[in-house]
Amino acid sequence: MAKRLRRRLQVEDDYTFQGDRISMLPDDILLLILSCLSLKEAIRSSLLCSRWRNLWIFLPKLDLDLDSTTILLQYHRKAYNITKLRSDYVRWVDRIFTILPNSSTNLVRFKVAFDLPLSFSGCVDYWVNSALRRKVESLDLILNTYAYSPEEFYYFPYHKGNFPDNLKLLKRLSLHCVNVSDAAVACLLGNCVLLEQLSLSRCGRMLSSLEVGGTLPVFKCLEISQCPSLSLVVVRDSNIVCIKYAGLGRPHCRFELHCRFELVGVPRLTQLWIQAAHGQDRNFYIRSIRGIIDMFDSVLPQLHTLKIYYNYKITCNDTLQSMMPNLKELVVVVESEFSDNCSLVPIIKWFSVAPCLQRFVLEASHQDETNAKINELWGPKRDYLINGSDYHVSEINNNNEVQLAYSHIKEVEFFGYRGVRNHLQMISWLVRHGVALERIVVDPRSFEIRPNMPWDRISRIQMDDEIIARKLAKKQLRHVNSRINVNIL
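Residues numbered from 1 in each chain as written. Predicted model: local features only at pLDDT ≥ 70, side-chain atom pairs only at ≥ 80, totals over all residues. Heavy atoms only, no water.

S.K.: Got a minute to help me understand the overall build of the chain in this structure?
M.R.: Looking only at helices and strands, the chain has 13 helices and 21 strands in total. Here the chain holds 489 residues, and the buried ones make up 50% of them. Of the roughly 23000 Å² of accessible surface on the chain, 52% is carried by carbon and sulfur atoms. (Helix = DSSP H or I, 4+ residues; strand = E, 2+ residues; numbered from the N terminus. Buried < 20%, exposed > 50% of the residue type's maximum accessible area, 1.4 Å probe, protein only. Areas by Shrake-Rupley, 256 points an atom, 1.4 Å probe, with all protein chains shown as cover.)

S.K.: What am I meant to see in the side chain of arginine 290 here?
M.R.: Take arginine 290: it is sitting in helix H8 (residues 282-295). Although arginine 290 is buried, it makes no salt bridge; aspartate 318 carries the closest opposite charge, 5.1 Å away. In contact with arginine 290, not counting residues within four places along its chain, are Asn317, Asp318, Thr319 and Gln321. (Lys, Arg positive; Asp, Glu negative; His and termini not counted. Salt bridge = Lys/Arg side-chain N within 4 Å of Asp/Glu carboxyl O. Contact = heavy atoms within 4.5 Å.)

S.K.: Teacher, can you tell me more about the packing of aromatic side chains here?
M.R.: The description of two aromatic rings rests on the distance between their centres and on the angle between their planes. According to the stated counting rule, one finds 15 aromatic pairs in the structure shown. Ring centres 4.8 Å apart and planes at 45° place the aromatic pair phenylalanine 261 and phenylalanine 296 in the tilted group. Of this pair, phenylalanine 261 sits in strand S12 (residues 260-264) while phenylalanine 296 sits in the loop between H8 and strand S14 (305-310); the two residues are 35 residues apart in sequence, bridging distant segments of the chain. Taking relative accessible area as the criterion, phenylalanine 261 reaches 8% and is therefore assigned buried. Judged by relative accessible area, phenylalanine 296 falls into the buried class, the value being 0%. Seen in terms of ring centroids, phenylalanine 414 and tyrosine 417 are 5.1 Å apart; in terms of plane orientation they differ by 90°. Their pairing is edge-to-face. When its relative accessible area of 1% is taken as the criterion, phenylalanine 414 is described as buried. (Phe/Tyr/Trp six-rings, centres within 6.5 Å; stacked < 30°, edge-to-face > 60°.)

S.K.: Is there a simple way to think about the confidence of the model for the chain in this case?
M.R.: Reading predicted coordinates in detail is not appropriate for stretches of low pLDDT. Confidence along the chain averages 78 in pLDDT terms, with 72% of residues attaining 70 or more. Within the model, the stretch residues 369-389 combines pLDDT values under 50 with 34 contacts to residues more than four positions away or in other chains. (pLDDT = per-residue confidence, 0-100.)

S.K.: In this structure, what is going on with the environment of isoleucine 96? I would like to understand it.
M.R.: Inspection of the secondary structure assignment puts isoleucine 96 in helix H5 (residues 82-99). On the accessibility criterion, isoleucine 96 (3% relative accessible area) is buried. C-alpha separation for the pair isoleucine 96 and leucine 62, spaced 34 residues apart in sequence, amounts to 9.9 Å.

S.K.: How should helix H13 (residues 463-476) be read in this particular structure?
M.R.: Working note: α-helix, 3.6 residues per turn, so residues spaced by three or four point in the same direction. For H13, which comprises 14 residues, the first-to-last C-alpha distance of 20 Å matches the rise-based estimate of 20 Å (1.5 Å per residue) to within 8%. Lining the buried residues of H13 we find helix H12 (421-433), strand S18 (439-443) and strand S21 (485-488). (Expected span 1.5 Å × (residues − 1).)

S.K.: Is there a simple way to think about unusual backbone geometry in this case?
M.R.: Glycine aside, negative phi is the norm for most residues, and most peptide bonds take the trans geometry. Not every positive phi belongs to a glycine, and lysine 135 is a case in point at roughly 55°. Secondary-structure assignment places lysine 135 in the loop between helix H6 (121-133) and strand S3 (138-143). At cysteine 177, a position not held by glycine, the phi torsion is positive, near 55°. As for its placement among the helices and strands, cysteine 177 is situated in the loop between strand S5 (172-176) and strand S6 (178-179).

S.K.: Even after reading the chapter, I still don't get the pairing of strand S9 (residues 221-225), so can you show me in this structure?
M.R.: The side chains of a regular strand alternate between the sheet's two faces. Of all the 5 residues making up S9, 5 are buried; the element is thus mostly covered by neighbouring parts of the structure. By the alternation rule, side chains of S9 split into Cys221, Glu223 and Ser225 and Leu222 and Ile224, which are all buried. In terms of strand pairing, strand S7 (residues 197-201) meets S9 through 5 bridges, oriented parallel. Considered in S9, the bridge of leucine 200 is made with isoleucine 224. (Pairing = 2+ DSSP bridges.)

S.K.: I'm lost on a nonpolar patch on the surface in this one. Help?
M.R.: On the surface, Leu169, Val193 and Leu194 cluster together to form a nonpolar patch covering roughly 200 Å² of accessible area. Overall, leucine 194 belongs to the partly exposed group, its relative accessible area being 35%. (Patch = residues over 30% accessible without salt bridge, like charges linked within 9 Å, V, L, I, M, F, W, Y side chains within 5 Å.)

S.K.: Mind showing me how you'd approach the packing of H5 against H6 here?
M.R.: For any two helices packed against each other, the geometry comes down to the angle between their axes and how far apart the axes lie. Closest axis-to-axis distance for the H5/H6 pair is 11 Å, and the angle between their directions is 30°. Relative to H6, the element H5 lies roughly parallel. Taken as a pair, H5 and H6 cross one another with a handedness that is left-handed. For the pair H5 and H6, contact is made by Tyr89, Val90, Val93, Asp94 and Phe97 and by Cys123, Tyr126, Trp127 and Ser130, respectively. (Axes fitted to C-alpha atoms, helices over the stretch in contact; angles between N-to-C directions. Parallel < 35°, antiparallel > 145°, perpendicular 65-115°, else oblique. Left-handed = near helix turned anticlockwise from the far one by under 90°.)

Below is the structure:
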């Protein structure tokens, strides 16, 4: 009976392979294909045929992210039982770990992303310890406990007294809604000599200071986001390349709490990403942006890239004040609250602080839906936008410093282009005045910023809108000067 069953399975697989050349590829290639899928999709591949059965357990990454942000939004809207959602998630992960012991493959990345408060510490500890046994290189704990105080956050369990040897192999660590103490961070930075990136977001009240020193020879990136108790960050004699900071800048009054950076001996620090803490009004926000930039005044002359996240309407009065003489790239991310009626052109005034600027990138998360009404822009409204009748455009046109700064820009990229009014206005101005402009990249794919780790963005599935936006971009840019290479993705 067993022989007949094996022979039948072999015949089925041979029949399947006749029209399925993908399954005939080596394991390494199949694993590479599976690594491009979500974990659930990779697990489902086991149903294809015996060739794919349990192949996913040899994947070098284990991404246990069910997009809990979307699930929790459904929970709040439809009054789902959050306890049941958490229990279902834990059971799903536990089932996976009952299979994984059969695999001895080292983990390149292990990620847990769900709403799991302190009461689930035992489960999270077990998962993390299992990942450490497989010599994990990148560890992400994104525990989105929005409804709890920091006292209900999961506590990072490793410190000087119980520091496992395999933790020293970490190259990247990301903690969100995780309580971690000064001593634990110091222990990590003192032992993980291979660490390249550290990300700390909403890390409770136990973290008040941290120091990155010369003991980390390959350390490249430090991310700090929404850690209000963190008052001091020292980076000394380091090869760090990039700092990402979301929070308050220098205080506008003596009662404000803020984080202070001391940067000494950081010659390779050339990238700065900043996002201001949300305040009561727009004026507070722009002051926070300026305050954050002022915090890094000692390294501004050596910056090559500055990335600013902005969430309010920008006017010509919202200027940057600190000069960045060597800045080559400016990236501005406007978030979803930035409606299509808000002009983007005032951003161009920021060019005046960067006389050597060569590349400008605008990332616009989802705007108002693209629809047929956009075609009304082809006519009087189009001329109104392009010819500078708009107040903000005319204000920019009369600013010689801005015109001089913009004259060096060779490349412009616009991500999230939807063809809405302010998008068209911005592209039109850049094309009209770009005397040195050589290349424009227009990407109509929409995206959104993850609320948990604010530097991440995820693509939205909106094919219809993208098709319309792509057609509009081709129509709107068909008369661009032939010397400019236009690439519409």
